[in-house]
Amino acid sequence: MLFTLLALMCLLAAGFAILPFVRNLRRTAPVAVPTLLLVIGISAGIYAMQGRPEVPSGAGSQPDVSAMVSSLASRLESQPDDINGWKMLGRSYMTIGNFDGAVEAYARAVELEDAQDAQTLVDYGVALARAGGDELSTKAMSVFENAITLAPNHPEALFWSGIAAVNRGDPAAAADRWERLLATDPPPEVRSILSERIAEWRGEAGTAQGIAPPADDPAPVVDIDIAVADNARAALPGDASVFIIARDPAQPSPPIAVTRRNLAELPARVSLGDRDAMIPGRLLSGFERFEVEVRASATGNPAAAPGDWYGTAIAVPAENRGIAVEIATPRP
């Protein structure tokens, strides 16, 4: 049961760990889109978990998860050479938002493997980025470079080492990496996005597939006046992350657009528009009607969890661009 639940937690980590990274790196946000596309299948699995009888739910489920993670950590104290156990612990810590713990767990796994497993290095690098406030540190970039050296055609290593190259000001190297990623035969929609970024980095922006580059700051589609109920504010940490998510009710996953704020910033008016799109071409302005969820996360995790507080509203921009949402409902 322990490893079954932890495995489900790992799906959460795989599908959502990148979201804050994308939102905080606005200049390179288009770069991160292919990762979102590559994990849509995993993300869909997360949504499918809702309503499954074997997945714990209710007020007691979050303490159970924490206890199980603690149990795994305790077991590893007596079995410190369990490489797979350290990897599982790292993924579990990523899921519950303990990024420093994830860094330590992955570092232990890397050490036991003599830094010879590209996937572990990629996971370690992502943990370093999250622990560093969603910034790619010199150490994280070095880890991704080591991964690509070990496995020159590893898709995730190619992806992340490309981002690292952009961050250090070497778009030519980023284009080289993503051209190799193209050679791994990703899905057609992913290929088009990779091609656009590569063309941009090669100085050919707007020429790939005849697509013009998007405007830097398109007009918002909806303005959301966000309020916080007193009982919600009292129950949440003062620095809780607040996720503003637009969804198509007919196809909730993946979301259409996402942005993030801090609870301390609210009440406030927040705009959501095409620049917040999860997938290029699937723009918020293309939807006549959509649902907006505003969710304050008790753990900082983008995936909904017990202890979160939320509010929802339906937006129909053609009738009224402004809507109001109050964070007032606890998630059991």
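As a reminder, the structure under discussion sits directly above these lines.
Caption draft 1: Broad picture of the side chain of lysine 87. Examined against the element boundaries, lysine 87 turns out to sit in helix 6 (residues 83-96). Taking the relative accessible area as the measure of exposure, lysine 87 reaches 14% and is therefore buried. Looking at lysine 87, its side chain comes within polar contact range of the side chain of glutamate 113, at 2.7 Å. Discounting residues that sit within four places of it in the chain, lysine 87 has contacts with Tyr106, Ala109, Glu113, Asp117 and Thr120.

Caption draft 2: Quick peek at the packing of helix 9 (residues 138-150) against helix 10 (residues 155-167). At a minimum axis separation of 9 Å, helix 9 and helix 10 run at an interaxial angle of 140°. For the element pair helix 9 / helix 10, the angle class is oblique. For helix 9 against helix 10, the interelement crossing comes out left-handed. Residue-level contacts link Met141, Phe144, Glu145, Ala147 and Ile148 of helix 9 to Ala157, Leu158, Trp160, Ser161, Ala164 and Asn167 of helix 10. Taken together, the residues that form the contact of helix 9 with helix 10 break down as eight nonpolar, two polar and one charged.

Caption draft 3: Seen up close, the sheet that holds strand 2 (residues 241-247). Read across the open sheet, the five strands follow the order 3-2-5-6-8; overall the sheet is antiparallel. At either margin of the open sheet sits one strand with a lone partner, and together these are strand 3 (257-262) and strand 8 (329-330). As paired elements, strand 2 and strand 3 share six bridges and run antiparallel to each other. Counterpart to valine 242 in the pairing with strand 3 is arginine 261.

Caption draft 4: Main features of the nonpolar core. Ranked by internal contacts, the top residues of the largest apolar core, which has 49 residues, are Leu89 and Leu136. When contributions to this core are tallied by element, the ones reaching two or more residues are helix 5 (61-78), helix 6, helix 7 (99-112), helix 8 (118-131), helix 9, helix 10, helix 11 (171-182) and helix 12 (188-201). Of all the elements, helix 8 adds the most residues to this core, at eight residues. Apart from residues lying up to four places away in sequence, leucine 89 is in contact with Val69, Leu72, Ala73, Leu76 and Ala105. Membership of the second largest hydrophobic core comes to 30 residues, among which are Ala229, Val242, Ala257 and Val294.

Caption draft 5: Structural view of the sheet that holds strand 4 (residues 268-273). Ordered in space as 4-1-7, the three strands form an open sheet in which the pairing is mixed. Two strands lie at the open edges of the sheet, namely strand 4 and strand 7 (322-327), each paired on one side alone. This sheet shows a mean twist of 30° between the axes of neighbouring strands, independent of strand direction. Summarising the sheet, strand 1 (residues 220-228) and strand 4 pair through six bridges and their orientation is antiparallel. Bridge pairing in strand 4 links proline 220 to glycine 273.

Caption draft 6: Geometry of the packing of aromatic side chains. Counted by the stated rule, this structure contains four aromatic pairs. Both rings, one in phenylalanine 159 and one in tryptophan 178, keep their centres 5.4 Å apart while their planes meet at 20°; by these two values the pair is stacked. Here the residue phenylalanine 159 occupies a position in helix 10, and tryptophan 178 occupies one in helix 11, the gap between them amounting to 19 residues. Overall, phenylalanine 159 belongs to the buried group, its relative accessible area being 2%. The structure contains a cluster of three or more aromatic residues connected by ring pairs, namely Phe144, Phe159, Trp160, Trp178 and Trp201. Positioned over the ring face of tyrosine 310 is arginine 331, at 4.7 Å from the centre of the ring.

Caption draft 7: Representation of the environment of aspartate 248. As for its placement among the helices and strands, aspartate 248 is situated in the loop between strand 2 and strand 3. A C-alpha to C-alpha distance of 7.6 Å links aspartate 248 and arginine 289, two positions 41 residues apart in sequence. For aspartate 248, the contacting residues outside a window of four places in its chain are Ile256, Arg282 and Phe287.

Reading the values: rules and limits
- Residues numbered from 1 in each chain as written.
- Predicted model: local features only at pLDDT ≥ 70, side-chain atom pairs only at ≥ 80, totals over all residues.
- Heavy atoms only, no water.
- Helix = DSSP H or I, 4+ residues; strand = E, 2+ residues; numbered from the N terminus.
- Buried < 20%, exposed > 50% of the residue type's maximum accessible area, 1.4 Å probe, protein only.
- Polar contact = N/O pair within 3.5 Å; in protein donor to acceptor, adjacent residues only side chain to side chain.
- Contact = heavy atoms within 4.5 Å.
- Axes fitted to C-alpha atoms, helices over the stretch in contact; angles between N-to-C directions.
- Parallel < 35°, antiparallel > 145°, perpendicular 65-115°, else oblique.
- Left-handed = near helix turned anticlockwise from the far one by under 90°.
- Nonpolar A, V, L, I, M, F, W, Y, C, P; charged D, E, K, R; others polar.
- Pairing = 2+ DSSP bridges.
- Core = buried A, V, L, I, M, F, W, Y, C linked by side-chain atoms within 4.5 Å.
- Phe/Tyr/Trp six-rings, centres within 6.5 Å; stacked < 30°, edge-to-face > 60°.
- Lys NZ or Arg CZ within 6 Å of the ring centre and 35° of its normal.

Treat this as a map of the structure, not an account of what it does.
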